[in-house]
Amino acid sequence: MLSMFIHVVLFQVKPKEVAKYRKDSLMWASYTKKAKGFVAYFTMKRYGRLNQYASVYEWDRKVDHNRFMKKYHDWLVSKSKAKVKVLGYYNLKGIDRLR
């Protein structure tokens, strides 16, 4: 049974804020990297949509993500510098994987 949890946050980021958004994203990722159950992080730019970016986190289990968010979310938001607009949050459960 595959156990994988993906958390995606889709942002609208103005061009002058992109460098700060990327720096903020890597700051968040540096803390998640140390967390139990963390697998991978990706910063993505959305094709065909102006100024849209996604922060994608892969975890072993949803409980690992929840534990991290409870402990660090508000604090990391307070440390983030970029002015961004959240367009959506997406939680995905892995069911198949082929490498």
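Here's a quick rundown of the structure. Predicted, not measured: the structure shown is a model, and the values here were computed from it.

## Here's the deal with the overall build of the protein chain
Scanning the protein chain from N- to C-terminus turns up 2 helices and 4 strands. Seen in sequence order, the protein chain has helices and strands lined up from the N terminus as β-α-β-β-α-β. Relative to the 2.2 N^0.38 estimate, which gives 13 Å for 99 residues, the radius of gyration of the protein chain is 14 Å and therefore close to what a compact globule would have. Viewed in the frame of its principal axes, the protein chain has a C-alpha envelope of about 45 × 30 × 20 Å. Taken over 99 residues, the protein chain has a buried fraction of 38%. Look at the contacts in the protein chain between residues 6 or more apart in sequence, and 75% of them connect residues 24 or more apart. Surface summary for the protein chain: the accessible area is close to 7,200 Å², and the carbon and sulfur share equals 57%.

## Describing the layout of surface pockets
In this structure, the largest pocket spans a volume of roughly 400 Å³. Contributing to the lining of the largest pocket are 21 residues, with Val 9, Phe 11, Trp 28, Val 77 and Ser 80 lying nearest its centre. Counting only elements with at least two residues in the lining of the largest pocket, the list comes to β1 (5-13), α1 (18-32), β3 (52-59), α2 (62-79) and β4 (84-93).

## So, the environment of Pro 15
Looking at the element boundaries, Pro 15 is found in the loop between β1 and α1. Judged by its relative accessible area of 61%, Pro 15 falls in the exposed class.

## Considering unusual backbone geometry
Across the chain, the bulk of peptide bonds are trans and the bulk of non-glycine residues have phi less than zero. Positive phi, normally seen in glycine, also occurs at Asn 51, with a value near 60 degrees. Mapped onto the secondary structure, Asn 51 falls in the loop between β2 (38-45) and β3. By relative accessible area, which is 18% here, Asn 51 ends up buried.

## A word on the sheet that holds β3
What links the strands of a sheet is backbone hydrogen bonding, and the strands pair in either a parallel or an antiparallel sense. Spatially, 4 strands are ordered β2-β3-β1-β4 in an open sheet, and the strand pairing comes out antiparallel. Bordering the open sheet on either side are β2 and β4, each of which pairs with just one other strand. The sheet shows a mean angle of 15 degrees between the axes of neighbouring strands, taken without regard to direction. Note that β1 and β4 share 9 bridges and pair antiparallel. The residue of β4 that forms the bridge with Leu 10 is Gly 88. Against the sheet, α1 makes contact with β1, β2, β3 and β4, and its axis sits at roughly 5 degrees relative to β3, the strand it touches most.

Basis of the calculations
- Per chain, the residues get numbers from 1 upward, laid out in the order the sequence is written.
- Where totals are concerned, whole chains, interfaces and linings use all residues; where local detail is concerned, this predicted model gives features only for residues with pLDDT of at least 70, and gives and counts side-chain atom pairs only at 80 or more.
- In computing side-chain properties, one takes all heavy atoms of the structure into account and sets aside hydrogens as well as water.
- A run of H or I in DSSP becomes a helix once it reaches four residues, and a run of E becomes a strand once it reaches two; helices and strands are each numbered from the N terminus.
- Only the C-alpha atoms count toward the radius of gyration. The rule for a globule is 2.2 Å times the residue count to the power 0.38.
- Relative accessibility decides the category of a residue: with a 1.4 Å probe and only protein chains considered, values under 20% of the type maximum give buried, values over 50% give exposed, and everything between is partly exposed.
- Between two residues, a contact is recorded if the distance between any of their heavy atoms is within 4.5 Å.
- Accessible areas in this description were obtained via Shrake-Rupley with a 1.4 Å probe; residue shielding takes into account the shown protein chains only.
- Both site types are read off a 1 Å grid over the protein atoms alone. A 1.4 Å probe that fits but cannot get out defines a cavity, while an open set with protein on both sides within 12 Å along at least five of seven lines defines a pocket; lining residues have an atom within 4 Å of a point.
- Grid points are joined across faces, edges and corners, and a volume is the space filled by probe spheres set on the points.
- Any two strands with at least two DSSP bridges between them are considered paired.
- Here, axes are lines fitted to C-alpha atoms. For helices the fit covers the stretch in contact, and angles between N-to-C directions go from 0 to 180 degrees.

Any functional reading would require information that these geometric values do not contain.
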